Protein chains: 2
Amino acid sequence: MTAKRQIHLGLFLQGAGHHVSGWRHPNAEAGSENFDLLRRVAQEAEKAKFDMIFLADGLTSGVDAHPSMIARFEPLTLLSALAMVTERIGLAATASTTYGEPYHLARAFSSIDHLSHGRAAWNIVTTSYARTANNFSKSHPEHDERYAVAQEFVDVVRGLWDSWDDDAFPKNKESGVYADPNKVHVLDHVGKYFSVKGPLNIPRSPQGHPVLIQAGSSGPGQDLAARTADIVFTAQQSLGEAQAFYKSLKERVAKFGRNPNGVAVMPGFLPVVGRTLAEASEKLIELDKWTDVVGALPLLEERLGHSLSGYDLDGPLPDLPISDQLRSRAELLTALARRENLTIRQLALRVAAGRGHHMIIGTAEDIANRMQEWFENGAADGFNVMPPYFPGGLEEFNAQVVPILQERGLYRRDYVGTTLRDHLGLTRPNLPA
Amino acid sequence: MTAKRQIHLGLFLQGAGHHVSGWRHPNAEAGSENFDLLRRVAQEAEKAKFDMIFLADGLTSGVDAHPSMIARFEPLTLLSALAMVTERIGLAATASTTYGEPYHLARAFSSIDHLSHGRAAWNIVTTSYARTANNFSKSHPEHDERYAVAQEFVDVVRGLWDSWDDDAFPKNKESGVYADPNKVHVLDHVGKYFSVKGPLNIPRSPQGHPVLIQAGSSGPGQDLAARTADIVFTAQQSLGEAQAFYKSLKERVAKFGRNPNGVAVMPGFLPVVGRTLAEASEKLIELDKWTDVVGALPLLEERLGHSLSGYDLDGPLPDLPISDQLRSRAELLTALARRENLTIRQLALRVAAGRGHHMIIGTAEDIANRMQEWFENGAADGFNVMPPYFPGGLEEFNAQVVPILQERGLYRRDYVGTTLRDHLGLTRPNLPA
């Protein structure tokens, strides 16, 4: 809608904050079942004209987990509730293709797209943690098979979303025609992993297809993104790494015959804002001080797929074979430890703070500069903002960083359209001829 | 909460109305993706102090289906949205144990119970129509196996709901204790159909357990209800049949060691209200006149599990073997046809009007009398009200029938408590010791 390319912003919404100790900050209101907090935060993000809020997910729990992940709302029901208390902001939720059914997911996201008048997005993930299988009466598939399942899953969902023409329901009281029998398309999908006949039992939704987000960074993950995604969510630690990923991803998009400008790459981005650099650093030191490294160790071990017991916390990260299941995550953290020469303790604190996402500590000016640098140098089309604590961390970002981006013409002052596709500059997909 | 036994009311909410031609009525606003209509109807039911609204469901679609079932919102996302625009009314949705996963369903209903501050209910069903399997990459289980699966499914869900003590999340900023490791209960369920370790990733919900509704009337269905349900939804055509079902069900409840008064039997109930009996009859004749019997025939055939092609529409229902899959539904309709000596055409019209539920045509007084008769003579503890069209059909019921029930002291004038359990007079379940 706007001629000039602008930064897209997602708010990564986690009840207890992104920093593992964020919930202990004086300006934090934990957390897990606090809908009133989530409602205010979503409204605050809408006031700052974010493209979307973004809900992560997981299908296990335990007291060892990150506080934002021990307990949380089921994302689709939460999204639906947030649709009622917001008007313009996009609404994205994560749902796994490893432990779900395409018919159920196609329906639920279409339903949210209807309820929100065209603001729904699905973050397509495969489930990496094998222990999830314990909650679903089956065994956990290997990495590459998970992505093969995901590809087919997404194809089925998109096919189901095209079950009905946009004008398939005349509901004509005179003629008695409720649904037009010539405007229904039976999918009749029979594939390697799924057999789904259709049609879906809900009309085509306002966006045609809810927006698709993809968050896997392995080769198969990038292929899935390049083939299907409108937004790519990724974890990148440095400008160089982010540029390499951006280039590789956009090339893959072109290889699949799609327009690289139609896919927004949005790395995670954890801002720690202070009036001075010293104040921002002090804030992080305080958060880290509250972090029990022994308690944070399981978060690191989980991402590496290995126990670190027996190793010196103040020694270097040992050479560990990289688990196939956790490939991109483990590689990212290992590279980070090597590059910055981090001890196990330091790496555990980094994971506790940002789980491998890019953290920037500084003044609002510093943070805006870094965003502009990545945006203008082929590293990002936008960011998934991850405040360390809620609601304070978002309020600070909105009050201090957003106005700078707006003054520089890098970010919208108001919404132009009404749907998430409008915010992203994406057209509504036509039905296949 | 009230000393005197009172009628419980559910509103069976179908976008296009219960009568197959209801959507063509001048006071109808079809329907399928009309959230604004559903919102107003839910608020109207709350104004009339209904215990709950009730959403049916199905996992297939086709232009031959009942207009309320060709296309509709996914019930859990819809319920969540309705939770935001209502304050006291209970919120019940149907979800199948045949094509779902206990971990997903336990989460979603717990989430809605949190979002609604204790108003969620799950209508437990098994999926009877074998064609549903075509949308879920698997084969359809037989009737008795479906109920065996359902029993275990419900046990797992209830176990997951008890994953955390009510005070398991101190979230103490001083001590740093977010979740208390002594207050989590790992389920470790290993059964014939499901292996689910737990814990669930959401705190115990306001009602402890969302209210359980069961709607199968076969022997295994009644056993499932007697063992687990707080509400039994059933289709009963006459006072005598309803009394027999009520007695049988309450006896089964006692056999399972539960208090029969803790389970509310609520038959479906389709009111056609007029200022005079003639006006009400005229209204039904008009609705039936809009009904294309040939178009309605598939609804009857689906419920009987047999084609009727080749039979004289104006002749009697032939003797057909009763399909195991559809046992209780097919038996009910066959008995109705025999008792009232209905032709195939007449039976098809009945199904088109009320799908086998008790229909009463008359003045508000007639309708209130029938409700009182069933309520006071061991046939019902309440009713699932099924207006033939929306919003007009509900508005008439609320304006004309509800005040009579209130004047007679048979029905509340206002809510006393805040949760659905409060409305039903049910206590909150304790965690198992």
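Since this is a predicted model, take the numbers as computed values, not measurements.

Definitions and limits used
Residues numbered from 1 in each chain as written. Chains lettered and ligands numbered in written order. Predicted model: local features only at pLDDT ≥ 70, side-chain atom pairs only at ≥ 80, totals over all residues. Heavy atoms only, no water. Helix = DSSP H or I, 4+ residues; strand = E, 2+ residues; numbered from the N terminus. Rg over C-alpha atoms; globule rule 2.2 N^0.38 Å. Contact = heavy atoms within 4.5 Å. Areas by Shrake-Rupley, 256 points an atom, 1.4 Å probe, with all protein chains shown as cover. Lys, Arg positive; Asp, Glu negative; His and termini not counted. Charge placed at Lys NZ, Arg CZ, Asp CG, Glu CD. Buried area = accessible area lost by both parts, 1.4 Å probe. Salt bridge = Lys/Arg side-chain N within 4 Å of Asp/Glu carboxyl O. UniProt positions renumbered as here; feature names shortened; annotations may be inferred. Buried < 20%, exposed > 50% of the residue type's maximum accessible area, 1.4 Å probe, protein only. Least-squares fit on C-alpha atoms with pLDDT ≥ 70 in both. Axes fitted to C-alpha atoms, helices over the stretch in contact; angles between N-to-C directions. Parallel < 35°, antiparallel > 145°, perpendicular 65-115°, else oblique. Pairing = 2+ DSSP bridges. Right-handed = clockwise from strand over helix to strand, strands pointing away. Polar contact = N/O pair within 3.5 Å; in protein donor to acceptor, adjacent residues only side chain to side chain. Expected span 1.5 Å × (residues − 1). Arc of directions from axis to C-beta.

Looking now at the overall build of chain A. If you tally the helices and strands in chain A, you get 14 helices and eleven strands. On C-alpha atoms alone, chain A measures out to a radius of gyration of 22 Å, which is about the 22 Å that the 2.2 N^0.38 rule sets for 433 residues. Restricting the contact set of chain A to residue pairs at least 6 apart, pairs at least 24 apart contribute 78%. For chain A, the accessible area works out to roughly 15300 Å², and carbon and sulfur atoms hold 49% of it. Positive and negative charge centroids in chain A, built from 44 and 51 side chains respectively, lie 3 Å apart.

Attention shifts here to the interface of chain B and chain A. At the junction of the two partners, chain B supplies 71 residues and chain A supplies 71 residues. For the chain B face of the interface with chain A, the top three residues by lost area are Trp-23, Lys-173 and Tyr-178 of chain B, together amounting to 13%. Applying the counting rule to chain B against chain A returns two salt bridges. Only α2 (67–70), α3 (75–84), α4 (102–115) and β6 (195–196) of chain B provide two or more residues apiece to the side of chain B that touches chain A. Of all the elements, α4 of chain B adds the most residues to the side of chain B that touches chain A, at eight residues.

Residues and elements named next belong to chain A. Under the local residue numbering, the UniProt record ascribes the feature "binding site: FMN" (unreviewed entry) to Asp-57, Thr-94, His-143, Tyr-147, Ser-217 and Ser-218. Summarising the element assignment, Tyr-147 is placed in helix α5 (residues 143–161). Tyr-147 gets classed as buried once you look at its relative accessible area, which sits at 9%. Not counting chain neighbours up to four residues away, the residues in contact with Tyr-147 comprise Thr-126, Gln-214, Gly-216, Ser-218, Pro-220, Gly-221 and Leu-224. Its place among the elements puts Ser-217 in the loop between β7 (211–214) and α6 (219–228). Overall, the relative accessible area of 22% leaves Ser-217 in the partly exposed class.

The next thing to look at is the relation of the copies chain B and chain A. For the pair chain B and chain A, the best superposition has an RMSD of 0.0 Å and corresponds to a rotation of 180° with a translation of 0.0 Å parallel to the axis. Here the two chains are linked by the operation of a two-fold rotation axis. An overlap of 100% is found between the interface residues of chain B and their copies at the interface of chain A, pointing to a shared contact surface.

This next bit is on the packing of helix α9 (residues 293–304) of chain B against helix α10 (residues 327–340) of chain B. All names here are of chain B. Interaxial distance between α9 and α10 falls to 7 Å at its minimum, and their mutual angle equals 120°. The orientation of α9 with respect to α10, classified from their angle, is oblique. Contact residues: α9 offers Leu-300, Arg-303 and Leu-304, while α10 offers Arg-329, Ala-330, Leu-333 and Thr-334.

Residues and elements named next belong to chain B. Of all seven residues making up strand β3 (residues 90–96), seven are buried, and the element is well covered by its neighbours. By the alternation rule, side chains of β3 split into Gly-90, Ala-92, Thr-94 and Ser-96 and Leu-91, Ala-93 and Ala-95, which are all buried. Strand direction decides the pairing type here: β3 and strand β4 (residues 120–125), joined by six bridges, are parallel. Considered in β4, the bridge of Ala-93 is made with Trp-122. The β-α-β motif built from β3, the intervening α4 and the parallel element β4 has right-handed crossover chirality.

Right, let's talk about the environment of Ala-133 of chain A for a bit. Residues and elements named next belong to chain A. Assignment of secondary structure puts Ala-133 in the loop between β4 (120–125) and α5. Residue classification places Ala-133 among the buried positions, given a relative accessible area of 8%. The sequence separation of Ala-133 and Leu-59 amounts to 74 residues, and the corresponding C-alpha distance is 9.1 Å. Those residues in contact with Ala-133 that sit more than four places away from it in its chain are Tyr-99, Lys-138, Ser-139 and His-140.

A few words on the side chain of Thr-98 of chain B. Residue and element names in this part refer to chain B. Tracing the sequence through the fold places Thr-98 in the loop between β3 and α4. A relative accessible area of 6% places Thr-98 in the buried class. The residues contacting Thr-98, other than those within four sequence positions of it, are Val-125, Thr-126, Thr-127, Lys-138, His-140, Pro-141 and Arg-146.

Right, let's get into the environment of Lys-138 of chain A. Residue and element names in this part refer to chain A. Position of Lys-138 relative to the elements: it lies in the loop between β4 and α5. Residue Lys-138 is classed as partly exposed on the basis of its relative accessible area, which comes to 43%. Beyond its immediate stretch of four places on either side in the chain, Lys-138 contacts Thr-98, Tyr-99 and Ala-133. Side-chain polar atoms of Lys-138 contact the backbone oxygen of Thr-98, separated by 2.9 Å.

Structurally, Ile-344 of chain A is set in helix α11 (residues 344–354). With residues up to four places along the chain from it excluded, the contact list for Ile-344 of chain A reads Leu-297, Leu-300, Leu-308, Tyr-311, Asp-312, Leu-313, Gly-315, Pro-316, Leu-317 and Pro-318 of chain A.

Because an α-helix completes one turn every 3.6 residues, residues spaced three or four positions apart along the sequence face the same direction. All names here are of chain B. The first and last C-alpha atoms of helix α12 (residues 364–376) sit 18 Å apart over 13 residues, in line with the 18 Å expected at 1.5 Å per residue. Turning to α12, its buried residues number three or more, namely Ala-364, Ile-367, Ala-368, Met-371, Gln-372, Trp-374 and Phe-375. Looking straight down α12, one finds that the buried residues subtend no more than 165° of arc, so they occupy a single side. Residues of α12 that are buried make contact with β1 (8–12), α7 (239–255), β9 (264–273), β10 (358–362), β11 (382–385) and α13 (392–407). Residue Gly-378 follows α12 closely and has a positive phi angle near 65°.

Residues and elements named next belong to chain A. Note that the residue after Gly-198, namely Pro-199, is joined by a cis bond; omega there is -5°. On the secondary structure map, Pro-199 appears in the loop between β6 (195–196) and β7. The residue Lys-49 is not glycine, and still its phi comes out positive at about 65°. Inspection of the secondary structure puts Lys-49 in the loop between α1 (35–47) and β2 (52–55). Judged by its relative accessible area of 18%, Lys-49 is buried. Within the chain, Ser-137 stands out as a residue other than glycine whose phi angle is a positive 55°. Tracing the sequence through the fold places Ser-137 in the loop between β4 and α5.

Bringing the pattern of salt bridges into the picture now. All names here are of chain A. For the structure on display, the rule yields 56 salt bridges over all chains. Here Asp-51 makes a salt bridge to Arg-412, at a shortest N to O gap of 2.9 Å. Separated by 361 residues along the polypeptide, Asp-51 in the loop between α1 and β2 and Arg-412 in the loop between α13 (392–407) and α14 (420–424) bring together distant segments of the chain. A relative accessible area of 1% means that Asp-51 is categorised as buried. Arg-412 gets classed as buried once you look at its relative accessible area, which sits at 10%. With a shortest N-O distance of 3.1 Å, Arg-252 and Asp-223 are connected by a salt bridge. Note that Arg-252 is positioned in helix α7 (residues 239–255) and Asp-223 in helix α6, a separation of 29 residues in sequence. Among the charged side chains, a network of salt bridges with common partners joins Glu-29, Asp-36, Arg-39 and Arg-40.

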